[in-house]
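# Structural overview for review
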Amino acid sequence: MKTMTYMEAIREAMRIKMKEDEKVLILGEDVGAFGGCFGLTGTLHSEFGEKRVRDTPISEGAIVGCAIGAAATGLKPIAEIMMGDFVTVAMDMLVNQAAKLRYMFGGKISLPMVVRLPGGGGLSAAAQHSQSLEAWLTHVPGLKVVYPSTPADAAGLLLTAIEDDNPVAFIEHKGIYGLKGEVPDDIKPIPFGVADIKKEGKDITIIATGKMVHEALKAAEQLSKDGIEAEVVDPRTLFPLDKETIFNSVKKTSKVLVVTEENKRGGYGGEISAMISEEIFDYLDAPIIRIGALNTPIPFSPCLENFVLPDSKDILNGVKKLF
Amino acid sequence: MEGIILNISNTKVIDMYKTMLKIRKFEEVAMNASAEGRIPGFIHLYIGEEAVATGVCANLNDKDYITSTHRGHGHIVAKGGNLKFMMAELFGKATGYCKGRGGSMHIADATKGILGANGIVGAGHNLALGAGLSAQYRGTDEVCICFFGDASTNQGTFHESLNMASVWKLPIVFVCENNGYGISMSQNRHQAIKDVADRGVSYNVPGVVVDGNDVFAVYEAADEAIKRAREGKGPTIVECKTYRQRGHFEGDPGTYKPKEEQEAWVKKDPIPRFEKYILENGILSEKEMKEVQADIDDQIKEAVEFADNSPQPELEIALQDVYSDIKEEGR
C-alpha cells in the first residue's frame, strides 16, 4: 500500500490507462502544460505530450461533443469539465447525445468515454462553482454515474470508467482533492454497482456519497460514544446502484438516514429513500431521514456556505430524531 | 451546369444520378406513406436538396464519416445507407437500422461512417469534431463531413466547433445546406447575413459558396475541401445554396413560403437539370435513363415491401441497449 491524495489517485488511474492504451486521451480546459486548474492533470502533459493531453478552448459543449465523436470512432477520451457546474453548458451533448446514441442507433455504437466533473462545495467558490448536480445525471438513462469518496475508490473506479463502453459521468468532490488515503501498490479496477461499507454497525444505516461519507464517519464516531453503532454505506456508483448491499444493511438496522450534498429538493438521496420505502418498507422501524443542502444556491461567505451545506452535525441531529 | 468541365468519368456521373434519384424516390414514397399514416411521427424530407449530399458523398469512401441532421435521409442514402433498413426504421419495425427505437431522425450506420441523423439542431457540429480528432489522432487520411442547415449556424455549437476544428486543423468539411429556411423562418429573418460561409472568417476557416442544385459544382467544391482536409490543412465551409421544396416536416403546408419563390426554385430542381446534362452529353440515352429510373423504382419498392412485411419490435427491445452491459428493468 502507499499513501496518496484523492487527486493523485485520480491522476494515477489516468496515467495507468494512458500507458496501457494509446487510444486513451485527455481533453479539457487548461489540462495541458498548466496542469489543470486544480493541478489534477499535473505532469501528465509532459509525460504523454500535447497529442494525448489536449488543452481545449473554453467550450464545454464542444469538449463533450468531441469526446462523443472520438469515442464513436475508436478512441477512449477522458473529458475534464473544469468545474462540475459547467456541465450545464454541455448538457445537450451529455443528455441528448452521449446518453442516447447507443439506444437510438440500434445498439450498434459504443461510447467508451468518461466526463470528469469536479463537483461539490466548501471552497467559498459560490453558487456557480460549488454545486452537486448528481440527480440531474442519474436521472438520464444511458449515463453511468460514479462518485468516489476515497483515494483508493477514486483510482479503482476510474480504471473501470475508462474501460467502460458507456458514457460515464465521474464526479469528484473537489473539497477532498487533498484527502490522503491508502491505495494498493497494484491498483485494480473496482467494479461498478458494488457499494462499500465504510463502517459496520447494527443500529442505523447511514447512506452517504462523496464528501458526505467522511461527514457520516465523523458523525458515526460521535454516535458510537453515545452507544449507537451506525453502519456507513457508500454506494460509490450512483448508477448502477448496489441496492442489495443497501437493502441488506437496512434489513439489519431497520433505521435509515440518507445524506448527500445536493440541494435536498429533487436530490438523488430522495431516489434512494424512495427505493427503500417502496421495496423493503416492512423492515423499517422509523421514517427515513434525508439530509441534504438547504434549497438555496450555494452562498459565498464561509459562514453562509457552512450553514447551507450539510455536515456531521446535521447527520447527528438527524440520527437523534430516531433514538 | 453547362460549361463545367470536370474530370469525372461517365460511370461516376451515372452513379451520382442514381444516388440523386434514389433519394428523391425514397422521399416521395416516404411522403406518401407518411400522409397515409403508415409512418409514425414526423419526417423531414430532402426533396430539392439531393445534389448536395450526392455531390459531397461522391468524394468519400466507407472509412470517411458524416454527421447529419433531422433532414438526414439524403445524406444516409448518399453515404451508402441500406434502403430497406432505412425504410423499415421509418415504419418503426424491428428490422430497421435502429430496431424501431430511433425513427427517421436517428438513423446511423457505423459500418459506413454514418454517425447518425440527429434530432437536435446543431448537435452534429460537435460530434464531427470528435470524428475529425479521431481521424487525425489515429494518423489516417479519413475526413468527416458535417452536414447542417443555415439556421443551425445560429447555435453556439457551430461556432464552438468551427473554432476548435480550426485551431486543431481537424479534417472536417462543414457543408452548409442553405435551404433558405429554419423551420418557418426565412434566412433573412433568422440571420443578418446572406452567406453562411462568411462566418468562417471569424475562425480563419475558408468558405466557398456554390449552387447547391448543381451536383457538379457541389462535387468540385467538396473535392477541393476534402483534399485540403486530407492533407492536414484543416476545415473548410462549403455553402450550398439550395431550397427545401417541402414544408419543414410532412404536414407543414409551408404557407410562409412565397409562391413565386417556390416556383422559381422548382424550375431549378437539381434532378431535371442533371438529366438534361446527361442526355445532351450522351452519357445515357433516353432508353437507358428510363431503365435506370425503373431499376431505382424497383429498389424503393423492395424497401417498402421489406418494411411492410417486417415484424413490429418485441417490447423487450425497449429495454435493451440503454447500456452495453445493463438491461433496464421492465415495469
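Bear in mind the structure is a predicted one, so any value in this text is a computation, not a measurement.

Tallying secondary structure elements over chain A gives twelve helices and 14 strands in all. Expected size for 323 residues packed as a compact globule is a radius of gyration near 20 Å; at 19 Å, chain A falls within 12% of this value. In chain A, buried positions account for 57% of the 323 residues. The long-range fraction of contacts in chain A, counting pairs at least 24 apart against all pairs at least 6 apart in sequence, stands at 78%.

All names here are of chain A. Sheet architecture is open: five strands sit in the order β9-β11-β10-β13-β14, paired in mixed fashion. Each edge of the sheet is formed by a strand with only one pairing partner; in this case those strands are β9 (196-199) and β14 (289-293). Ignoring which end each strand starts from, the neighbouring axes of this sheet average 25° apart. Strand direction decides the pairing type here: strand β10 (residues 204-208) and strand β11 (residues 230-234), joined by four bridges, are parallel. The partner of T205 across the bridge, within β11, is E231.

Counting 192 residues, the largest nonpolar core has A67, V115, L158 and I206 of chain A together with V173, V175 and V218 of chain B as its most contacted members. Ranked by the residues each element gives to this core, the list is headed by helix α8 (residues 215-230) of chain B, at ten residues. Inspection of this core shows a minimum of three residues originating in each of domain 1 (2-183) and domain 2 (196-320) of chain A. Ignoring any residue separated from it by four or fewer positions in sequence, one finds L158 of chain A in contact with I10, A13, M14 and F170 of chain A.

This part takes up the sheet that holds strand β3 (residues 53-55) of chain A. Residue and element names in this part refer to chain A. Read across the open sheet, the seven strands follow the order β3-β2-β4-β5-β7-β6-β12; overall the sheet is mixed. Because the sheet does not close on itself, it has two edges, and the strands there are β3 and β12 (237-239). Direction aside, neighbouring strands of the sheet carry axes that sit 20° apart on average. In this sheet, strand β7 (residues 168-173) lies alongside strand β5 (residues 114-119) in parallel orientation, the contact comprising six bridges. Considered in β7, the bridge of G119 is made with H173.

So, about the interface of chain B and chain A. Contacts between the two partners involve 37 residues from chain B and, on the opposite side, 37 residues from chain A. When residues of the side of chain B that touches chain A are traced back to their parent elements, those giving at least two are α5 (123-137) and α6 (156-167) of chain B. In terms of residues, the side of chain B that touches chain A owes the most to one element, α5 of chain B, which gives ten residues. Its residues placed into classes, the side of chain B that touches chain A shows 19 nonpolar, twelve polar and six charged.

What follows concerns the domain arrangement of chain A. Residues and elements named next belong to chain A. Each assigned domain of chain A is listed here: domain 1 (2-183) and domain 2 (196-320). Looking at the side of domain 1 that touches domain 2, the elements with two or more residues in it are α6 (134-138), β6 (144-146), α7 (151-163) and β7. A per-class count over the side of domain 1 that touches domain 2 returns ten nonpolar, eleven polar and three charged.

For any two helices packed against each other, the geometry is given by the interaxial angle and the distance between the axes. Residue and element names in this part refer to chain A. Interhelical geometry of helix α8 (residues 212-225) versus helix α12 (residues 312-320) gives an angle of 50° and a closest axis separation of 8 Å. Classified by the interaxial angle, the pair formed by α8 and α12 is oblique. The element α8 and its partner α12 pack so that their crossing is right-handed. Residues E215, A216, K218, A219, Q222 and L223 of α8 form the contact with α12, whose own contacting residues are S312, I315, L316 and V319.

We now examine the packing of helix α3 (residues 60-72) of chain A against α5 of chain B. Two elements in contact, α3 of chain A and α5 of chain B, have axes separated by 6 Å at closest approach and are oriented at 50°. Viewed along their axes, α3 of chain A and α5 of chain B adopt a mutual orientation that is oblique. In this structure, α3 of chain A crosses over α5 of chain B, and the sense of that crossing is right-handed. Residues G61, A62, G65, C66, A67, I68, G69, A70, A71 and A72 of chain A of α3 of chain A pack against N126, L127, A128, L129, G130, A131, L133 and S134 of chain B of α5 of chain B.

Right, let's get into helix α4 (residues 91-98) of chain A. D92, M93, L94, Q97 and A98 of chain A are the residues of α4 of chain A that are buried. Buried residues belonging to α4 of chain A abut α3, α5 (101-104) and β5 of chain A together with α5 of chain B.

Residue and element names in this part refer to chain A. Taking 1.5 Å per residue as the helical rise, α7 with its 13 residues ought to reach 18 Å, and the 19 Å between its terminal C-alpha atoms agrees with that figure. Taken across its 13 residues, α7 has twelve buried, putting it largely inside the fold. Along α7, the positions that sit buried rather than exposed are P151, A152, D153, A154, A155, G156, L157, L158, L159, T160, A161 and I162.

Conventions and cut-offs
Residues numbered from 1 in each chain as written. Chains lettered and ligands numbered in written order. Predicted model: local features only at pLDDT ≥ 70, side-chain atom pairs only at ≥ 80, totals over all residues. Helix = DSSP H or I, 4+ residues; strand = E, 2+ residues; numbered from the N terminus. Rg over C-alpha atoms; globule rule 2.2 N^0.38 Å. Buried ≥ 20, exposed ≤ 12 C-beta atoms within 10 Å, placed from the backbone. Contact = placed C-beta atoms within 7 Å. Pairing = 2+ DSSP bridges. Axes fitted to C-alpha atoms, helices over the stretch in contact; angles between N-to-C directions. Core = buried A, V, L, I, M, F, W, Y, C linked by C-beta atoms within 7 Å. Domains from an automatic or database assignment. Nonpolar A, V, L, I, M, F, W, Y, C, P; charged D, E, K, R; others polar. Parallel < 35°, antiparallel > 145°, perpendicular 65-115°, else oblique. Left-handed = near helix turned anticlockwise from the far one by under 90°. Expected span 1.5 Å × (residues − 1).

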